[in-house]
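# Structural overview for review
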Amino acid sequence: MSAFADQVYLLGRRSVVRTIRQPANVVGPLIFPMLLLAVNSGGLKAETRLPGFPTNSFVAFALAVPFIQGALFATMNTGTDLARDIQTGFLNRLSLTPMRGIALLCGQLGGVIVLSLVQAFVYLAVALIVGVRPEAGAGGVAILFGFAALVGLGFGALGAFAALRTGSGEAVQSLFPVFFVFLFISSMNIPRNLIEVTWFRDAATANPVSYLIEAVRSLIITGWDGEALALGFGIAATTAVVALALASWALRVRMAR
Amino acid sequence: MRTLNVAQGVAWRTLHNVVTNPSLLLPSLIFPLFFFTAFAGGLSRISNVPGFDYPNGYTAFQFVFVLLQSAVFGGVFTGFGIARDFESGFARRLLLAAPNRTGIVLGYAVAATGRWLITASFLTAVAFAVGMRVGGSGVDLFGLYTLALLMNGAAVLWSAGVAMRLRTMQAGPIMQLPVFLVLFFAPVYVPLALLQGWIHGVATVNPVTRVLESARGFLAGQPTEVGLAYGTGLALVLFFSVWAVRGLRSAERAG
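This write-up is about the structure you can find in this document.

Reading the values: rules and limits
Residues numbered from 1 in each chain as written. Chains lettered and ligands numbered in written order. Predicted model: local features only at pLDDT ≥ 70, side-chain atom pairs only at ≥ 80, totals over all residues. Helix = DSSP H or I, 4+ residues; strand = E, 2+ residues; numbered from the N terminus. Rg over C-alpha atoms; globule rule 2.2 N^0.38 Å. Buried ≥ 20, exposed ≤ 12 C-beta atoms within 10 Å, placed from the backbone. Contact = placed C-beta atoms within 7 Å. Core = buried A, V, L, I, M, F, W, Y, C linked by C-beta atoms within 7 Å. Axes fitted to C-alpha atoms, helices over the stretch in contact; angles between N-to-C directions. Parallel < 35°, antiparallel > 145°, perpendicular 65-115°, else oblique. Left-handed = near helix turned anticlockwise from the far one by under 90°. Nonpolar A, V, L, I, M, F, W, Y, C, P; charged D, E, K, R; others polar. Expected span 1.5 Å × (residues − 1).

### Comments concerning the overall build of chain B
Broken down by element type, chain B carries 10 helices and zero strands. Counting from the amino terminus, chain B carries its helices and strands in the arrangement α-α-α-α-α-α-α-α-α-α. Taking 255 residues into account, the globule formula puts the C-alpha radius of gyration at 18 Å, and chain B, at 19 Å, falls close to it. In terms of principal-axis extent, the alpha carbons of chain B reach across some 60 × 35 × 35 Å. Burial analysis of chain B (255 residues in total) assigns 46% to the buried set.

### Quick notes on the interface of chain A and chain B
Often, the extent of an interface is quoted as the loss of accessible area upon association of its parts. Listed by partner, the interface residues are 19 residues for chain A and 22 residues for chain B. Among the elements of the structure, helix H2 (23-43) and helix H9 (175-184) of chain A are those that each provide at least two residues to the side of chain A that touches chain B.

### Examining the nonpolar core
Formed by 155 residues in total, the largest nonpolar core has its most connected members in Ile68, Val151 and Ala157 of chain A together with Val64, Leu68, Tyr108 and Met151 of chain B. Take this core: its biggest share by element is 17 residues, from helix H3 (residues 57-88) of chain B. Those residues within four positions of Leu68 of chain B in sequence are excluded, and the remaining contacts are Ala148, Met151, Val211, Leu212 and Ala215 of chain B.

### Focus: the packing of helix H2 (residues 22-42) of chain B against H3 of chain B
Residue and element names in this part refer to chain B. Taken N-terminus to C-terminus, the directions of H2 and H3 make an angle of 155°; their axes are 9 Å apart at the nearest point. The angle between the axes of H2 and H3 places the two elements in the roughly antiparallel class. H2 and H3 meet at a crossing whose hand is right-handed. Of the residues in H3, those in contact with Ser28, Pro32, Phe35, Phe36, Phe39 and Ala40 of H2 are Tyr58, Thr59, Gln62, Phe63, Val66, Gln69, Ser70, Gly74 and Phe77. For the contact of H2 with H3, the class distribution of residues is nine nonpolar, six polar and no charged.

### So, H2 of chain B
Compared with an ideal rise of 1.5 Å per residue, which puts 21 residues at 30 Å, H2 of chain B spans 28 Å between its outermost C-alpha atoms and is within 8% of the ideal. Every buried residue of H2 of chain B is accounted for by Pro32, Phe36, Thr37, Ala38, Phe39, Ala40, Gly41 and Gly42 of chain B. Its buried side turned inward, H2 of chain B meets H9 and helix H10 (198-206) of chain A together with H3 and helix H5 (102-129) of chain B.

### Some words on unusual backbone geometry
Residues and elements named next belong to chain B. For Arg167, which is not glycine, the phi torsion reads 55° and is therefore positive. The phi dihedral of Glu225 falls on the positive side, at around 50°, and the residue is not glycine. Judged by local crowding, Glu225 falls into the partly exposed class, with 16 C-beta atoms found within 10 Å.

### A few points about the packing of H5 of chain B against helix H6 (residues 138-166) of chain B
Residue and element names in this part refer to chain B. Remark: H5 packs on H6, axes separated minimally by 9 Å, with the N-to-C direction vectors making an angle of 135°. For the element pair H5 / H6, the angle class is oblique. The element H5 and its partner H6 pack so that their crossing is right-handed. Across from Val105, Tyr108, Ala109, Ala112, Thr113, Trp116 and Ala120 in H5, the residues of H6 making contact are Tyr145, Ala148, Leu149, Asn152, Gly153, Val156, Leu157 and Ala160. In the contact of H5 with H6, the residues fall into 12 nonpolar, three polar and no charged.

In structure tokens form, the structure reads like this:
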């Protein structure tokens, strides 16, 4: 158990250090979602004048989006880093050592969780500075951090699975537009009940990303909404379990000695 | 004459690469369509906001933005191709072979126009298929597409200048991010009058706002700020022509 913990620690530290050494991997997930939040909250402020809009602050409404966008970046970073390990032969060299495959996965994803928590902290700090006050209070903020970690874990595992199956950084990068489509065809910019076009509303309702966003949003603008949280956590946990199972299987195949 | 020959050769090669490579062609067709769908479909309720006065509906309102966005990004994506040519060493051979090197910049610009015309045709066909209402006449629409062409030219010249100075694909974000910001700091989702706070101030001084508002006026058949919009477009093209040619000289000096 101690050897396993050592392996996870060393690989997790490597994952974090490697991310920090590539400024684009740190700055992108922090700056880009904030830029989009600034642009959208300015441009769509008028939306709060629609009858039935749940808050008069569009920043508060849209703050949930960076959390999910950050997770998308985590997917890409994890996948790309792991693919690079495969392409450079690092994984092959590891497979010659007594290291357990699952330690590699845990270490890599540990790094993603750390980055997700840093992202969540920055997003919340910016929101607090511009005057957003989460309705769920301090307890809600703690739940938000837990949720960010869980979503980061799930999406990071998806990135790891893609990298382990394809062994190509480019293939992992090509997933980004697909995830981006899921993000845009969701309730990211408007509540589902206010979407006028029927097919778009149906697509947003069927899209699991809508519920991830709405779970975060509920803590910020509603307070404690059991249904939104159950749906959000349920989807995030299911994604994490399924993605971890797939990544573990792909790792076994990739590291066949 | 030699300039035109070089331009023709570069343009043909660049367009051929784009048209025969699905990984280059499909994103430039699908992304504008996707943004059009996400904005016009998802946000159409915004047309009910008090003060929203665009006469042709939210689909037409967003079509104009997405058309301009596709024109600008058509230019930026061509800039990625120039950077790729430098990374692969092709551009160095091109610099050695071309009797007149200004033709290289011109060729890339022509290719960007050709590339965008494919995207614009596709996007326009989809917009009409989903029932976009057009208030403008043929002359108005000509005005709209010409404005978009000017933006396409300005964007490719900006990207060419960056690509020729840095000569690496890692310059991609430098080409893309300022363009993204300038586009989205314009009145994307609502007319300028409905913007509030800091974004209203930024949008008011943003030159793209003049182009966007004028282009929306053309589609509605109510041309507005035409001289200012064309002046802005031409000034951007002229300014970035100098920028691109100086970039070319920088690449020549680098060898």
